Amino acid sequence: IAILASRPDKTLKTVQFEDRVWDKGSQVYVPRRLTISASDRYGLPTALDDELVLGLIQLTREDEFQSRKVFFSRYHLLKILGWRTEGKNYARLETSLKRWLGVTFYYQNAWWDKSARAWVDENFHLLEQVSLYGRNRRTAGCDGKELALSMFVWNEVVFRSFQAGYLKQIDLALFRRLKSPVAKRLYRLLDKRFYHRVVWHFDLRELACEHVGLSRGYDIGQLKRKLRPAIGELVEVGYLEPMADQNRFARRG
């Protein structure tokens with residue numbers, strides 16, 4: 001749901017990702033498409049904005065998903081994310097929240113409705129509202145930490161998916177050990193897939209461009225060079241099994 005860059009390209013306002021899913025009823029592969037459109041002021045969400053969503057989900061989970069309106073302190077959110085509690089990260093957090101307010105998602109046959117057990121079309125913003133207290137208005141508790149005065153509201157479609165249990169818990173400690181956005185994106189994708197089975201095969205270009213978010217202009221060699229360091233990180237932390245390059249990237253045609 002975000003680009004891999006650390007800063008948004010203000011000239012790029014829309015991106016699209018597409019893959020295929022097997023339709024058991026018609027016994028054919030059907031395309032799924034996600035279009036992400038950004039506001040003029042804040043642009044498309046970045047890799048850091050993607051991480052922020054994990055923090056927002058964790059805050060909501062602490063509240064046992066009781067309400068789509070979640071009160072929080074920015075200090076606690078930064079701690080969840082593993083970001084230093086310093087001025088530039090407070091500013092980064094605020095910008096990220098505002099950026100998400102301006103992003104619209106258009107899911108074409110790509111949003112999983114757990115109650116209907118089907119891929120459906122959905123169009124929405126991730127967040128409906130964000131209220132932030134300025135740093136000069138923050139109120140501290142007896143331990144000197146900021147009280148939970150800020151607030152955000154999830155979109156109803158997204159929150160309904162949370163309550164339906166369509167969430168995969170993530171090892172945040174392992175996630176924070178990963179350095180590159182590519183490694184983090186790979187981990188989140190694979191961790192969701194490994195819930196079903198421990199070995200997966202992907203078309204290289206579909207994996208790299210449509211799921212991880214690498215440029216479609218890269219040739220096969222460039223895609224491999226971009227993926228190798230990220231795969232190496234996942235091997236180093238013990239998440240992936242070591243594998244020779246000729247086995248990792250197998251040519252099937």
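Provided above is the structure to which this section pertains.
Below, the discussion takes up the packing of aromatic side chains. Ring pairs (aromatic) are described by centroid distance and by the angle formed between their planes. For the coordinates displayed, the defined rule picks out 15 aromatic pairs. With 6.2 Å between their ring centres and 40° between their planes, Phe105 and Tyr107 make a pair best called tilted. The two residues Phe105 and Tyr107 agree in class, both being buried. Summarising the aromatic geometry, the rings of Tyr187 and Tyr239 are spaced 4.9 Å apart at their centres and angled 80° between planes, so their arrangement reads as edge-to-face. Here the residue Tyr187 occupies a position in helix 6 (residues 181–193), and Tyr239 occupies one in the loop between helix 8 (220–236) and helix 9 (245–248), the gap between them amounting to 52 residues. Cluster of aromatic residues (ring-pair linked, three or more members): Phe65, Phe72, Phe152, Trp154 and Phe162. The ring of Trp200 has Arg197 sitting right over it, with the charged end atom 3.7 Å from the ring centre.

Take the sheet that holds strand 7 (residues 150–154) next. As summarised here, the arrangement of the three strands in space is 3-7-6, forming an open sheet in which the pairing is antiparallel. Across the chains shown, the open sheet's two edge strands, defined by having one partner strand only, are strand 3 (69–72) and strand 6 (127–131). On average, each strand axis in the sheet is inclined to that of its neighbour by 15°, with strand direction left out of account. When strand 3 meets strand 7, the two strands line up antiparallel, connected through four bridges. For Phe71, the partnering residue across the bridge sits in strand 7 and is Met151.

As a further point, take the sheet that holds strand 1 (residues 14–23). Here we have four strands laid out as an open sheet, ordered 1-2-4-5, and antiparallel in their pairing. Each edge of the open sheet carries a strand with a single partner, namely strand 1 and strand 5 (118–125). Across this sheet, the average inter-strand angle for adjacent strands is 25°, counted without regard to direction. Sheet topology note: the strand 2 (residues 28–37)/strand 4 (residues 104–113) ladder contains five bridges and is antiparallel. If you follow Arg33 over to strand 4, its bridge partner there is Gln108. In the packing of helix 7 (residues 204–212) onto the sheet, the strands contacted are strand 1 and strand 2, and the crossing angle to strand 1 comes to about 125°.

Moving on to the packing of helix 1 (residues 47–62) against helix 3 (residues 87–101). Taken N-terminus to C-terminus, the directions of helix 1 and helix 3 make an angle of 90°; their axes are 10 Å apart at the nearest point. Considered as vectors, helix 1 and helix 3 are oriented roughly perpendicular to each other. Along its contact with helix 1, which presents Leu48, Asp49, Asp50, Leu52, Val53 and Leu56, the element helix 3 presents Arg92, Leu93, Ser96, Leu97, Arg99 and Trp100. A breakdown of the residues in the contact of helix 1 with helix 3 according to their chemical character gives seven nonpolar, one polar and four charged.

Moving on, we get to the pairing of strand 2. The pairing of strand 1 with strand 2 spans ten bridges and is classified as antiparallel. Bridge pairing links Gln16 to Thr35 in strand 2. Where strand 1 folds back onto strand 2 in an antiparallel hairpin, the turn is made up of four residues, including Gln27, whose phi is positive at roughly 60°.

Reading guide: rules and limits
- Residues numbered from 1 in each chain as written.
- Predicted model: local features only at pLDDT ≥ 70, side-chain atom pairs only at ≥ 80, totals over all residues.
- Heavy atoms only, no water.
- Phe/Tyr/Trp six-rings, centres within 6.5 Å; stacked < 30°, edge-to-face > 60°.
- Buried < 20%, exposed > 50% of the residue type's maximum accessible area, 1.4 Å probe, protein only.
- Helix = DSSP H or I, 4+ residues; strand = E, 2+ residues; numbered from the N terminus.
- Lys NZ or Arg CZ within 6 Å of the ring centre and 35° of its normal.
- Pairing = 2+ DSSP bridges.
- Axes fitted to C-alpha atoms, helices over the stretch in contact; angles between N-to-C directions.
- Contact = heavy atoms within 4.5 Å.
- Parallel < 35°, antiparallel > 145°, perpendicular 65-115°, else oblique.
- Nonpolar A, V, L, I, M, F, W, Y, C, P; charged D, E, K, R; others polar.

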